[in-house]
Amino acid sequence: MSAPKYWREIPQRYRFEAAKCKKCGKVSFPPRIVCPECRSREFENTRINDKGTVETYTVIRVAPTQFTDEAPYPVAIVDVGDGVRVLCQVADCGPEEIKIGMSVRLEFRKVQQEGHGGIINYGYKCVPE
Amino acid sequence: MVGIIGYGAYIPRNRIKVEEIAKVWGADAPSYKKGLMLQEKSVPSPDQDTITMAVEATKNAIKRAGIDPGEIGAVYVGSESHPYAVKPSGTTLAEAIGATPDCHCADFEFACKAGSEGMFVAMSLVKAGEIKYGVGVGADTSQGAPGDALEYSASAGAASFIFGKEKILAECHHTHSFMTDTPDFWRREHQFYPSHASRFTGEPAYFRTITGCATALLEKSKMKPADFAFAVFHQPNGKFPMTVGKKLGFTEAQMKQGWLCPTLGNTYSGASPIGLTAILDVAKPGDWIFMASYGSGAGSDGFIWKVTDRIKEVQNMAPHTRAMLDTERRRYLDYGTYTKFRGKIKLRGE
Ligand SMILES: [Zn+2]
């Protein structure tokens, strides 16, 4: 990921910042410009919960180049409440451990790095609670 | 009065046993276990480093402090394993907890003493009235060269403390710092693993420095070891802190709660700070706590804390340190997986 794109996404990647529609209350994560429910453009800043449950998952066995060391690893859609679902990698959890309905917590982790000399991208992953 | 208003720790889930390392190097596990008083150590996952553990420990500290992170005026991370040679760990931590942009930030380094340094400076700025709240973190994911004695102990963990003048859970009554130029342990730039002067690390370095700091601190405070409910010292292995503590007049009962090294290993900058979090988890109002860190090079920072009534309200607001250490979710690694996790395997193109 390029440094400018990474930098722009810091509020959502580091602090789970989301946009709550001022008109209908829908929480969008990542934040959006236009509310997908009511087309309003006015939002207030909020944060999503750092706890949730696994709604569904898949196991990545053939991973993109920078993740080959980690394969096989699960990627899950996590329901964190308030109508928000988060797609993220599941850390500290083997493919045999993950279950639908499992309680997880979002933790701060290294998400990827550009080789040995590039910037380190930090963000959230979920871990079994 | 100034003191701790929030504290938190983080210990990764992975462990490796002394036997598993000894097996590979043909070393005698029972003698290591007895000599170092060490059973196993924590190992970070490949996606964890000093920054990620500092963030998780500080989130726990904020839960206990119950403050608006935007009012934090200084963030100091002490470590000897900062992920970047140039680019602070503290900026990422401050951003992750929401302390930016009106905040002073610096990374500290002084071998294993960097965490207590960050604590001392953050607390002193609060005391001076320069900032409302300050954060001091000790975190490390240190490495020992394969087969070296340090490989059995070098582990990973973090502790974070928030300092303030109100809602204090442990008041700081006295501090003392002691340091001399002592070449017992070092790592030159661009070297992956540290070097140490073997036996020289014990007597003239660790013992002399901690004794110097602790003795001065006891004199300053006019207190004696028996006045304390708990004591915690830097723990590069299980044996040193017990030995130095007993020499100073503390008992095993006073030191046991903060003595995590036998199953945690040496968390370097995190060592005595994580021990302090384990003590605060069970401390009672009115308890006195004695703490002395140690950093090779060499120096020691000493603190005398007095626990307040507020401790009872905050203890269960975040995970207890011993619960993280003894969790059922511990994952035991074999040596091969361990070397992969720690980046000790040289890959093609590296
Ligand atoms: Zn809307």
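Each chain carries its own residue numbering, running from 1 in the written order of its sequence. Lettering of chains starts at A and numbering of ligands starts at 1, both following the order in which they are written. The predicted nature of this model means local features are confined to residues of pLDDT at least 70 and side-chain atom pairs, given and counted, to a pLDDT of 80 or more, with totals for whole chains, interfaces and linings taken over all residues. In computing side-chain properties, one takes all heavy atoms of the structure into account and sets aside hydrogens as well as water.

Time to look at the confidence of the model for chain B. In predicted models, pLDDT denotes the confidence assigned by the predictor to each residue on a 0 to 100 scale. Put simply, chain B has an average pLDDT of 94, and 98% of its residues get 70 or more. Overall fold confidence for the complex sits at a pTM of 0.96, while the interface term, ipTM, reaches 0.94.

So, about the coordination of the zinc ion. All names here are of chain A. Coordination shells were defined by N, O and S atoms within 2.8 Å of each metal, extended to 3.2 Å for Na, K and Ca; water is absent from the atom set, which can make sites look incomplete. For the zinc ion, every protein donor is listed as C21 (SG), C24 (SG), C35 (SG) and C38 (SG), and the spread of their distances is 2.3 to 2.4 Å. Only two sets of limits are used to name each site, 85 to 135 degrees for every angle of a tetrahedral four-donor site, and over 155 degrees for opposite donors with all other angles from 65 to 115 for a square planar four-donor or octahedral six-donor site, with any other site named irregular. Taken together, the 4 donor atoms surrounding the zinc ion define angles of 100 to 113 degrees at the centre, an arrangement classified as tetrahedral. The rule is simple: take the accessible area with a 1.4 Å probe, protein chains only, and divide by the maximum for that residue type; under 20% is buried, over 50% is exposed, in between is partly exposed. On the accessibility criterion, C35 (0% relative accessible area) is buried.

Next up on the list: the pairing of strand β13 (residues 297–307) of chain B. Sheet faces and side chains relate simply in a regular strand, where the side chains alternate between the two faces. Residue and element names in this part refer to chain B. Secondary structure elements are taken from DSSP: a helix is a run of H or I of four residues or more, a strand is a run of E of two residues or more, and numbering for both begins at the N terminus. A large share of β13 lies buried, amounting to 9 of its 11 residues. Sheet topology note: the strand β12 (residues 288–292)/β13 ladder contains 5 bridges and is antiparallel. Residue pairing across strands places F290 opposite I304, the latter belonging to β13. Linkage of β12 to β13, two consecutive antiparallel strands, is achieved through a turn of 4 residues. In this description, strands pair whenever DSSP reports at least two bridges between them.

All names here are of chain A. When the domains of chain A are assigned, the result is domain 1 (12–47) and domain 2 (49–129). Computed from C-alpha atoms alone, the centre-to-centre distance between domain 1 and domain 2 is 23 Å. Here, two residues are considered to be in contact whenever any of their heavy atoms come within 4.5 Å of each other. Across the contact, 8 residues belong to domain 1 and 12 residues belong to domain 2. Buried area: the accessible surface (1.4 Å probe) lost by two parts on joining, summed over both. Between domain 1 and domain 2 the total buried area reaches about 790 Å² when both faces are included, carbon and sulfur atoms providing 67% of it. A per-residue breakdown of the area domain 1 buries against domain 2 is headed by Y14, F16 and F29, which together make up 60% of the total. Take a side-chain nitrogen of Lys or Arg and a carboxyl oxygen of Asp or Glu: if they are within 4 Å of each other, that pair is a salt bridge. Put simply, domain 1 and domain 2 have 0 salt bridges between them. Note that the domain bounds were set by an automatic or database domain assignment.

On to the pattern of salt bridges. Summed over all chains, the structure comprises 26 salt bridges over all chains. The partner of E71 of chain B in a salt bridge is K132 of chain B, and the shortest N-O contact between them spans 3.4 Å. Of this pair, E71 of chain B sits in the loop between α3 (50–65) and β4 (72–78) while K132 of chain B is found in the loop between α5 (114–127) and β6 (133–141), placing the two residues 61 residues apart along the sequence. For K132 of chain B, a relative accessible area of 44% gives the class partly exposed. Because the salt bridges share partners, they merge into one network encompassing K51, E70, D92, R105, E107, R109, K125 and E129 of chain A together with D47 and R331 of chain B.

For the rest of this paragraph, the subject is the sheet that holds strand β3 (residues 40–43) of chain B. Residues and elements named next belong to chain B. Strand order in this open sheet of 3 strands is β3-β2-β14, and the pairing throughout is mixed. At either end of the open sheet lies a strand with only one pairing partner, and these are β3 and β14 (331–332). Where strand β2 (residues 14–17) lies against β3, 4 bridges are found, and the strand directions are antiparallel. Its bridge partner being in β3, N14 is matched across the sheet by V43. Across the face of the sheet, helix α1 (residues 18–25) comes into contact with β2 and β3 while running at roughly 55 degrees to β2. Lines fitted to C-alpha atoms define the axes here, with helix axes fitted over just the stretch in contact, and angles between the N-to-C directions of these axes take values from 0 to 180 degrees.

The subject of this paragraph is empty space enclosed by the protein. All names here are of chain B. Every definition here rests on a 1 Å grid over the protein atoms only: cavities are sets of points where a 1.4 Å probe fits but cannot get out, pockets are open sets enclosed by protein on both sides within 12 Å along at least five of seven lines, and lining residues have some atom within 4 Å of a point. Grid points are joined across faces, edges and corners, and a volume is the space filled by probe spheres set on the points. A full pass over the atoms with the stated rule returns 1 cavity of 30 Å³ or more. The space that makes up the largest cavity amounts to roughly 30 Å³. With 3 residues, the single largest contributor to the lining of the largest cavity is strand β11 (residues 230–233).

Right, let's get into the nonpolar core. Residue and element names in this part refer to chain B. Put simply, a nonpolar core is a bunch of buried Ala, Val, Leu, Ile, Met, Phe, Trp, Tyr and Cys residues held in one set by side-chain atoms that sit within 4.5 Å of each other. Counting 39 residues, the largest nonpolar core has I4, F161, F163, L276, L280 and W305 as its most contacted members. Taken domain by domain, this core gets at least three of its residues from each of domain 1 (3–169 + 320–341) and domain 2 (170–311). Not counting chain neighbours up to four residues away, the residues in contact with L276 comprise I4, M119, F161, V232, I289, M291 and W305.

All names here are of chain B. Within the secondary structure, R64 sits in helix α3. Here R64 falls in the buried class, since its relative accessible area comes to 1%. Setting aside its immediate chain neighbours within four residues, R64 contacts I5, G6, Y7, G8, D281, R310, V314, Q315, M317, A318, P319 and H320.

Here we take up the interface of chain B and chain A. With 25 residues of chain B in contact, the opposing surface of chain A contributes 24 residues. Roughly 2000 Å² of surface becomes buried between chain B and chain A when both sides are summed, with 46% attributable to carbon and sulfur atoms. In terms of surface lost to chain A, no three residues of chain B exceed D47, Y84 and E95 of chain B, which account for 26% of the buried area on that side. Linking chain B to chain A there are 5 salt bridges. Of the charged contacts in the structure, one is a salt bridge between D47 of chain B and K125 of chain A, with a shortest N-O distance of 2.7 Å. N or O atoms within 3.5 Å of each other form a polar contact, as long as, within protein, one can give a hydrogen and the other can take it, and as long as residues adjacent in sequence are counted only when both atoms are side-chain atoms. Summed over the shared surface of chain B and chain A, the result is 14 residue pairs in polar contact (both at pLDDT 80 or more). Of all the elements in the fold, those that place two or more residues in the side of chain B that touches chain A are α3 and α4 (89–97) of chain B. Sort the elements by how many residues they give to the side of chain B that touches chain A and α3 of chain B lands first, with 5 residues. Throughout, the ten residues Ala, Val, Leu, Ile, Met, Phe, Trp, Tyr, Cys and Pro are labelled nonpolar, Asp, Glu, Lys and Arg are labelled charged, and all others, Gly among them, are labelled polar. Tallied by class, residues from the side of chain B that touches chain A come to 9 nonpolar, 6 polar and 10 charged.

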